[in-house]
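Residues per chain, in single letters:
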Amino acid sequence: MAVVFSKPHSLTDKSLHYCPGCTHGIIHRLVAEVIDELEIEGDTIGVASVGCSVMAYDYFNVDFVQAAHGRAPAVATGVKRSDPSKIVFTYQGDGDLAAIGTAETVHAAARRENITIIFINNAIYGMTGGQMAPTTLPGMVTQTSPYGRDVEAVGFPIKICELLSNIEGATYLERVTVNNVANVKKAKRAIKKAFQNQVEGKGFSLIEVVSTCPTNWGLSPQKSLEFIETDMLPAYPLGVYKDITGEEK
Amino acid sequence: MGEKVLMKGNEAIAEAAIRAGCMHYFGYPITPQTEVAAYMSKRMPKVGGVFLQAESEIAAINMVIGVAATGKRVMTSSSSPGISLKGEGISYLAGCDLPAVVVNVQRGGPGLGGIQPSQADYWQTTRGGGHGDYHNIVLAPASVQEMASLTVRGFDLADKYRMVVMILADGTMGQMMEPVEIDNIEPLKVEKPWALTGTGMKRKPNIVNSLYLKPNELEKTNFDRYKKYTKIAETEALAEEYLMEDAEICVTAFGITSRVAKNAIKEARAQGIKVGMIRPITLWPFPKSTYMKHADQCKAFISVEMNMGQMIEDVQLAIECKKPVTLCNRTGGMIPKPEEILAKIKEVGGVK
């Protein structure tokens with residue numbers, strides 16, 4: 001009988017530790033499908049970050065290094081500069097990438113570092129139990145913004161794709177989400193392009209995936225997917241924010 | 001025989017690193033070590049290596065982590081405030097058992113401190129510097145020649161033991177010029193089956209990681225690492241003894257202060273005072289047995305340091321407090337004069 005659906009080879013058999021309704025599982029699978037389809041598993045080196053995805057090294061069937069909080073783009077720079085023939089990707093959350101690791105992110109982009117960044121934006125610190133993130137929406141209640149994010153006091157959300165689109169070195173920036181089948185398909189196309197760019201030596205690609213955190217949002221998995229549509233996407237519009245791959249001959 | 005050339009200490013470190021097979025260097029400008037980065041930026045493209053000026057000391061040490069994880073020789077350098085920033089990364093290197101060489105050309109502190117030479121990072125460096133249970137091997141050069149030779153040795157030790165080796169120099173060592181000979185170097189060849197090279201679909205993934213959520217597993221890795229440290233303490237401690245055969249007073253100093261102390265000791269000897277010197281070359285592991293060997297013979301020890309008295313505690317521990325240890329120090333970027341050390345030798349020796 002023909003196999004019509006199976007687990008990607010570049011995912012391990014280990015059970016994911018993520019909460020029910022969390023979209024990490026979908027995004028892990030998309031990354032793994034892309035690694036399989038591009039036939040780069042044996043040449044890929046991943047860089048895990050600090051946050052819910054800290055143990056990504058257990059789930060991908062590729063060499064991995066676990067980086068300090070926010071430092072994944074710098075570690076990935078070292079790995080890539082050591083052996084440019086390897087395909088190097090980081091997998092980072094919003095606290096990691098957009099707060100403590102802002103400098104590393106901006107400068108890796110400025111250098112047009114030939115790496116791929118998968119950026120998970122669910123507007124909250126998940127691993128530590130739901131604190132305010134740089135991407136937390138105005139008015140949103142978290143453990144450290146119990147009265148709602150007061151932008152007058154703590155500032156406004158950081159929009160990474162918009163920010164990096166001003167960086168000359170950035171090659172490809174796209175914001176996607178995975179709240180329905182159509183969007184999952186679009187997300188996969190973006191992730192695939194981000195890896196393909198690296199294979200072709202085109203430089204810095206970052207895919208921002210608007211994601212859920214049912215546990216810390218205090219919403220059911222279904223409501224969380226709806227929350228993406230009603231609240232997250234108006235603040236974080238989907239789309240390609242920069243793409244210079246077509247301009248390069 | 002290699003050629004003898006006149007070099008700055010900072011340049012000697014950079015050239016020695018390249019000769020030792022270090023093809024990746026990441027740095028950030030800070031006085032008084034910037035010549036290391038400048039030299040690397042000039043030389044690395046010529047030898048097919050990588051020089052990258054990072055956006056911060058933090059980024060630089062994390063780029064070091066990336067290269068070290070792939071099993072290649074890699075170095076970064078900085079001066080005191082920058083080393084504090086690298087502390088996080090040094091702890092991760094220790095936790096991941098990654099080899100790397102980190103150079104600290106010390107300046108006065110705390111805070112932004114000053115730009116003049118200092119030895120005030122002794123505690124920070126010999127005790128690890130970052131969070132958690134770990135050590136670095138710490139090498140303290142006292143000449144431009146040693147800036148080169150200890151850098152080469154540092155890469156070998158780092159690979160052999162899979163750990164960070166710190167070169168603890170100071171602004172004087174970095175800036176002064178002396179003749180230096182860099183022989184053809186044969187880097188120690190160490191197999192690195194743990195390195196991230198891509199699985200090639202031929203082996204299970206290698207994982208470089210310092211996270212252990214189960215405390216019994218973390219405890220075991222720390223116990224195992226300390227077994228390694230014990231072995232290093234037994235086999236790798238190095239010290240120079242100077243006129244110690246008949247010494248009744250033992251001066252002890254490392255780096256630039258040992259050079260000044262030697263002048264004071266020569267003068268004291270000329271005046272008939274039996275004084276010698278122990279110069280630790282490895283600050284961790286501290287060469288305890290060299291001190292203990294002379295603990296009965298000497299009536300007093302003098303620790304000459306460019307800080308408020310840090311190594312003195314290791315000297316007291318090494319001789320198990322059998323004899324008094326007196327501090328002779330300057331700090332904040334001031335260098336002790338031979339006369340100051342001579343005066344202390346006379347004071348301790350009861351000579352008028």
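Residues numbered from 1 in each chain as written. Chains lettered and ligands numbered in written order. Predicted model: local features only at pLDDT ≥ 70, side-chain atom pairs only at ≥ 80, totals over all residues. Heavy atoms only, no water.

Observations concerning empty space enclosed by the protein
Residue and element names in this part refer to chain B.
- Applying the stated rule across the entire model yields one cavity of 30 Å³ or more.
- What lines the largest cavity is simply I83, G87, I90, Q124, T125, G128, G129, G130 and M166.
- Of all the elements in the fold, those that place two or more residues in the lining of the largest cavity are α4 (80-95) and α5 (122-126).
- No other element matches α4, which puts three residues into the lining of the largest cavity. (1 Å grid on protein atoms, 1.4 Å probe; cavity = no way out; pocket = protein on both sides within 12 Å on 5 of 7 lines; lining within 4 Å. Points joined across faces, edges and corners; volume = space filled by probe spheres on them. Helix = DSSP H or I, 4+ residues; strand = E, 2+ residues; numbered from the N terminus.)

Comments concerning the pattern of salt bridges
- Following the criterion strictly, the structure yields 41 salt bridges over all chains and no others.
- The residue R81 of chain A makes a salt bridge to E113 of chain A at a minimum N-O spacing of 2.7 Å. One end of the pair, R81 of chain A, is in helix α2 (residues 72-82); the other, E113 of chain A, is in the loop between α4 (102-110) and β4 (116-121), with 32 residues separating them in the sequence.
- By relative accessible area, which is 25% here, R81 of chain A ends up partly exposed.
- Residue E240 of chain B pairs with K262 of chain B through a salt bridge whose shortest N-O separation is 3.0 Å. Of this pair, E240 of chain B sits in strand β10 (residues 239-242) while K262 of chain B sits in helix α9 (residues 256-270), and the two are 22 residues apart along the sequence. (Salt bridge = Lys/Arg side-chain N within 4 Å of Asp/Glu carboxyl O. Buried < 20%, exposed > 50% of the residue type's maximum accessible area, 1.4 Å probe, protein only.)

Overview of unusual backbone geometry
Residue and element names in this part refer to chain B.
- A cis geometry characterises the amide bond from G109 onward to P110, with omega recorded as 0 degrees.
- Here P110 lies in the loop between β5 (100-106) and α5.
- Following W284, the chain continues to P285 via a peptide bond in cis, the omega torsion being 0 degrees.
- Inspection of the secondary structure puts P285 in the loop between β13 (282-284) and α10 (288-293).
- A positive phi angle is found at M201, which is not glycine, with a value near 60 degrees.
- When you line up the elements, M201 lands in the loop between β8 (177-181) and β9 (207-208).

A look at the domain arrangement of chain B
Residue and element names in this part refer to chain B.
- With domains assigned, chain B is organised as domain 1 (4-235) and domain 2 (239-349).
- The distance between the C-alpha centroids of domain 1 and domain 2 comes to 28 Å.
- Both faces considered, domain 1 and domain 2 share a buried interface measuring about 2300 Å² in area, 57% of it formed by carbon and sulfur atoms.
- When the buried surface of domain 1 facing domain 2 is broken down by residue, Q119, Y122 and W123 rank first, second and third, together holding 32% of it.
- At the junction of domain 1 and domain 2, the tally comes to three salt bridges.
- Salt-bridge contacts for R279 lead to E146; the nearest nitrogen and oxygen are separated by 2.7 Å.
- In this structure, the connection of domain 1 to domain 2 is made through 16 residue pairs in polar contact (both at pLDDT 80 or more).
- Residue assignment for the side of domain 1 that touches domain 2 shows that the elements contributing at least two residues are α5, β6 (137-139), α6 (144-161), β7 (164-170), α7 (171-175) and α8 (215-235). (Domains from an automatic or database assignment. Buried area = accessible area lost by both parts, 1.4 Å probe. Polar contact = N/O pair within 3.5 Å; in protein donor to acceptor, adjacent residues only side chain to side chain.)

Things to note about the environment of A108 of chain A
- For A108 of chain A, the location among the structural elements is in helix α4.
- A108 of chain A has contacts with P73, E113, I115 and F204 of chain A, leaving out every residue within four places of it along the chain. (Contact = heavy atoms within 4.5 Å.)

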